[in-house]
Amino acid sequence: MARWLLPYRGLLRLKSLASSSASAVISRSYISEMRRSAFRENLLRILRTEIAYEVESRPPSQPEAAFRSFDVDDRPGEQWIQLRWSRGREEIKIEATMFDGAAPSTRSAAASEVADAGDARLHISLMVEVSKGDDSEFALQFACSAWPDDIEVEKVFPVRRGHAAHRQYVGPDFKDLDEEMRDTLLEYLEERGVNDELAGFLHGYMANKDRTELVRWLRNIESYVKK
C-alpha cells in the first residue's frame, strides 16, 4: 500500500513547490510594482514642486509678438526665435538663439574685488539675412553676437538664395576689414534695425523665454510620467 502512495506523495510535493514558486513570483511582482508606483509618485511630487516654484517665484509673461518693425516668431519648444521685416523690396530675417554663452562682466576690478556669477554678460548668437526678393540671386548674411547692451558683427558674406552652402568661403573676420568698410556695414545694419536697442530687446525676450521653456519642459515630463 505504501508503494502505491509514493507517487501520490511526490505529486503533492511538486504541487506544493509549484504553489510556493508562484506565490514568490507574485510577491516579487507586487513589490516591484509598489516600488515603481512609489518612484512615480515621488517623481511627480518633485516635478509639481518645481513647476509651482518656477511659476510663483518668476512667472513667465506672454511673449511679445513684435519689436519695432519686426514680427517675432517665438518658436515654442525650440531654442531660437525668428524676426522678420519686409522693408520695401527687402526682406530682413533674423534668427536668434537662446542664451548660448557668457563672458565676465566688464566692471573694473576696483568696482568689485570678488567676481560674481550674476555679473556675467550673457551671449546670444544672431544670423541676420538681408535679401532683395527675386531681384537678386544672393542674400547678404551677417553672423553676429548680441550682448546685453550691444551687437558685434563677426562675419559678413553673400549666400546664394535657395541653396545650402557647404564649406562656403565666408571672407575675413569683420574686425580685419578696412575701418571705413566696417563703419559702412554697421550703418547698413543700423538702418535695418540691427542695433544696440535690438540687443537689449533680445536679452529681455530670451530671459522670459528661458523661464517659459523650463516650465514647458517640466510639464512635458510630468505629462509623460503620469501616463
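Scroll up a little and you will see the structure.
Residues numbered from 1 in each chain as written. Predicted model: local features only at pLDDT ≥ 70, side-chain atom pairs only at ≥ 80, totals over all residues. Heavy atoms only, no water.

**Considering the overall build of the protein chain**
On a plain count of helices and strands, the protein chain comes out with three helices and eight strands. Helices and strands in the protein chain line up, N terminus first, as α-β-β-β-β-β-β-β-β-α-α. Here the protein chain, with 227 residues, has 29% of them falling under the buried criterion. Long-range contacts, defined as pairs at least 24 residues apart, comprise 55% of the intrachain contacts of the protein chain with a sequence gap of at least 6. When the accessible surface of the protein chain is summed, it comes to about 15500 Å², and 54% of that surface belongs to carbon and sulfur atoms. (Helix = DSSP H or I, 4+ residues; strand = E, 2+ residues; numbered from the N terminus. Buried < 20%, exposed > 50% of the residue type's maximum accessible area, 1.4 Å probe, protein only. Contact = heavy atoms within 4.5 Å. Areas by Shrake-Rupley, 256 points an atom, 1.4 Å probe, with all protein chains shown as cover.)

**A word on the side chain of Asn-195**
Position of Asn-195 relative to the elements: it lies in the loop between α2 (179-191) and α3 (196-226). In this structure the side chain of Asn-195 is engaged in a polar contact, spanning 3.2 Å, whose partner is the backbone nitrogen of Glu-197. Within the local environment of Asn-195, its side chain forms a polar contact with the backbone nitrogen of Leu-198, the two atoms lying 3.0 Å apart. (Polar contact = N/O pair within 3.5 Å; in protein donor to acceptor, adjacent residues only side chain to side chain.)

**Some details on α3**
Its 31 residues give α3 an end-to-end C-alpha distance of 45 Å, which sits within 8% of 45 Å, the value for a rise of 1.5 Å per residue. Of the residues flanking the start of α3, the one acting as N-cap is Asn-195, its side-chain oxygen 3.2 Å from the backbone nitrogen of Glu-197. (Expected span 1.5 Å × (residues − 1).)

**Thoughts on unusual backbone geometry**
Here the phi dihedral of Arg-68 falls at roughly 50 degrees; this positive angle occurs in a residue that is not glycine. Along the polypeptide, Arg-68 turns up in the loop between β1 (66-67) and β2 (70-73). On the basis of relative accessibility, which here comes to 62%, the residue Arg-68 falls in the exposed class. Backbone geometry places Arg-75, a non-glycine residue, at a positive phi of 55 degrees. Overall, the relative accessible area of 25% leaves Arg-75 in the partly exposed class.

**Quick notes on the packing of aromatic side chains**
Enumeration according to the criterion identifies four aromatic pairs in this entry. Look at Phe-67 and Phe-201: their rings are 4.3 Å apart centre to centre, the planes differ by 15 degrees, and that puts the pair in the stacked class. In this pair, Phe-67 is assigned in strand β1 and Phe-201 in helix α3, connecting sequence segments 134 residues apart. Each of the two residues, Phe-67 as well as Phe-201, counts as buried. One aromatic cluster is present, built from ring pairs that chain together Phe-67, Phe-201 and Tyr-205. A cation sits over an aromatic face here: Arg-192 above Tyr-188, 3.6 Å from the ring centre. (Phe/Tyr/Trp six-rings, centres within 6.5 Å; stacked < 30°, edge-to-face > 60°. Lys NZ or Arg CZ within 6 Å of the ring centre and 35° of its normal.)

**Observations regarding the nonpolar core**
With 31 residues, the main nonpolar core has Leu-83, Leu-126, Leu-198 and Leu-202 as its most contacted residues. Put simply, the parts of the chain that give this core at least two residues each are β2, β3 (80-87), β4 (90-97), β6 (121-131), β7 (138-146), β8 (151-160), α2 and α3. Those residues in contact with Leu-202, other than ones at most four positions away along the chain, are Ile-81, Leu-83, Ala-96, Ile-124 and Leu-126. Core analysis: the next-biggest nonpolar cluster, separate from the first, contains five residues, Leu-44, Leu-47, Ile-51 and Leu-218 among them. (Core = buried A, V, L, I, M, F, W, Y, C linked by side-chain atoms within 4.5 Å.)

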